[in-house]
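Chain and residue survey
If you want the building blocks of each chain, they are given just below.
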Amino acid sequence: MMQDTISLIKPLDTIAMEKCQIRLDNLTKPLNSLYSFEHLARQLSGITYNPRPRSLKKSIIIMAADHGVAAEEPCAFSKQEVILQRIHNISQGGAAVNVFADHVAADLLLVDMGIAANVPPLPLVRNEKIAYGTKNINHGPAMTREEAIKAIEIGIRVAAETIKKGSHVLGLGEMGVANTISSTAIIACYSQSPLTELVGKTADSSSDLFNKKIALIRHAITVNTPNVHDPIDVLSKLGGFETAGLVGVILGAASGGAAIVLDGLVTSTAALLAVKLAPQVKDYLIGSHFPSEPAHKASLDLIGIPAYLHLNISSGEGVGAALGMSLLNASLHVLNDMKTFGDAEVPVAHDGPGALKQDKSVKDE
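Heads up: these notes are all about the structure in this document. This one's a predicted model, so the numbers in the text were calculated from it and none came from an experiment.

A few words on the overall build of the protein. Of regular secondary structure, the protein possesses 15 helices and six strands. Computed over its C-alpha atoms, the radius of gyration of the protein comes to 21 Å, within 12% of the 21 Å expected for a compact globule of 365 residues. With the C-alpha coordinates of the protein rotated into their principal frame, the extents come out at 70 × 40 × 40 Å. A burial count over the protein gives 56% of its 365 residues as buried. Long-range pairs, those at least 24 residues apart, make up 76% of the contacts in the protein between residues at least 6 apart in sequence. For the protein, the accessible surface area stands at approximately 15600 Å², while carbon and sulfur atoms represent 54% of it. The positive charge centre, built from 31 side chains, and the negative charge centre, built from 36, are 3 Å apart in the protein.

Here it is in structure tokens:
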């Protein structure tokens, strides 16, 4: 399934993007003055094969799973209780991601890929549990290669079903205990930056905790010897079921012609692995915000895509993806609702840096 999905990923429609750019250049503003919004509008036109996309249906998919490496953390049990509470809160519509998903009119789905507890049947929650959390990467591989591929294929299936229901923009979210350790370990396999620059150090974390995280990640990489030329090997040895599921969602979304809006570190880690598996996926990826983890920025840099929002939030769950979707809404309003010089009968300035430009050939698509 995975290779068949990858084979269906098409390049963006450059003709649609060129037509989109012509309209953007003829809107009543200085050239390129709404740079990021123009970039997003052009990208969406290429993804949708439409030079003037309008309202696009949106969904946010949250992949949830726990990590065996949480056994190294003394407060793992209390964190597990919090995860279950958060799942119930999302299912009841009371979480931050519910609020922001409503704000951008996005459907919401949480997929239990491997929470280390029994999650009862709940609204908005889908059970695809592979195991009760991964194994401890401090002692060996997180999962088998077969489990990693199974999780990817679940993600592909979830994306395909979501697109079939009409969504053209898929936002990503995650949830789980100790997933930042796992994700940072994966990023460290590909980044040239030292671990001291990849591991996040919050204001309330001690030097001992910071050093412990670095030692743990270094040991996990040494014990597992992941093959960086084989992304599935890296994923199975250091990753999580939710990360693998997100890799599948990304591949499935790209193959189905849907834009993919990232959230924080775990989603950008999945995106990096997806790009390693299928480089053409990059064109479908849209960064949202800059969370506190430096490994997240390293991941975006490795992929080669920007993020747009500096909001100092770290809630996860897809909140950043929802906020990124609001930028997509704004970019489509720019494309469709601003007037061109021809529409507004605005006089055009002389040519020069930042000059206004008019092309009388621009017409509504």
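The biggest cluster of nonpolar side chains holds 114 residues, and the ones touching the most others in it are Leu251, Val281 and Leu285. It is helix α11 (residues 241-255) that provides the largest number of residues to this core, a total of nine residues. Among residues more than four places away in sequence, those in contact with leucine 251 are Met2, Thr5, Ile6, Ile9, Ile152, Ile156, Ala274, Leu277, Ala278 and Val281. Listed in part, the six residues of the second largest apolar core include Cys20, Leu24, Leu27 and Ala41.

The subject of this paragraph is the pairing of strand β4 (residues 169-175). With seven of its seven residues buried, β4 lies for the most part within the structure. Alternating positions in β4 separate into two faces, Val169, Gly171, Gly173 and Met175 on one and Leu170, Leu172 and Glu174 on the other, with burial throughout. Relative to β4, strand β1 (residues 58-65) runs parallel, the two sharing seven bridges. Paired with serine 59 across the strands is leucine 170, a residue of β4. The pairing of β4 with strand β5 (residues 259-261) spans three bridges and is parallel. Residue pairing across strands places glycine 171 opposite valine 261, the latter belonging to β5.

Scoring rules and cut-offs
- Along each chain, residues carry numbers from 1 onward, in the same order as the chain's sequence is written.
- Restriction of local features to residues with pLDDT of at least 70 applies here, the model being predicted, together with a cutoff of 80 or more for giving and counting side-chain atom pairs; totals for whole chains, interfaces and linings are based on all residues.
- Processing note: side-chain calculations cover all non-hydrogen atoms of the structure and skip hydrogens and water entirely.
- Numbering of helices and strands starts at the N terminus; helices are DSSP runs of H or I of at least 4 residues and strands are runs of E of at least 2.
- As a reference, a globule follows 2.2 Å times the number of residues to the power 0.38, and the radius of gyration itself is taken over C-alpha atoms.
- Note on classification: 1.4 Å probe, protein chains only; a residue is buried when its accessible area is under 20% of the maximum for its type, exposed when over 50%, partly exposed between these limits.
- Residue contacts are defined here by distance: any two heavy atoms, one from each residue, within 4.5 Å place the two residues in contact.
- Calculation of accessible area relied on Shrake-Rupley with a 1.4 Å probe; when residues are assessed, cover is drawn exclusively from the protein chains displayed.
- In this charge count, Lys and Arg are treated as positive and Asp and Glu as negative; neither His nor the chain ends contribute.
- To locate a charge, take NZ of a lysine, CZ of an arginine, CG of an aspartate or CD of a glutamate.
- Here, nonpolar core refers to any group of buried Ala, Val, Leu, Ile, Met, Phe, Trp, Tyr and Cys residues whose side-chain atoms link them within 4.5 Å.
- Strands pair, by our definition, only if DSSP identifies at least two bridges between them.

Nothing here speaks to function; it is geometry throughout.
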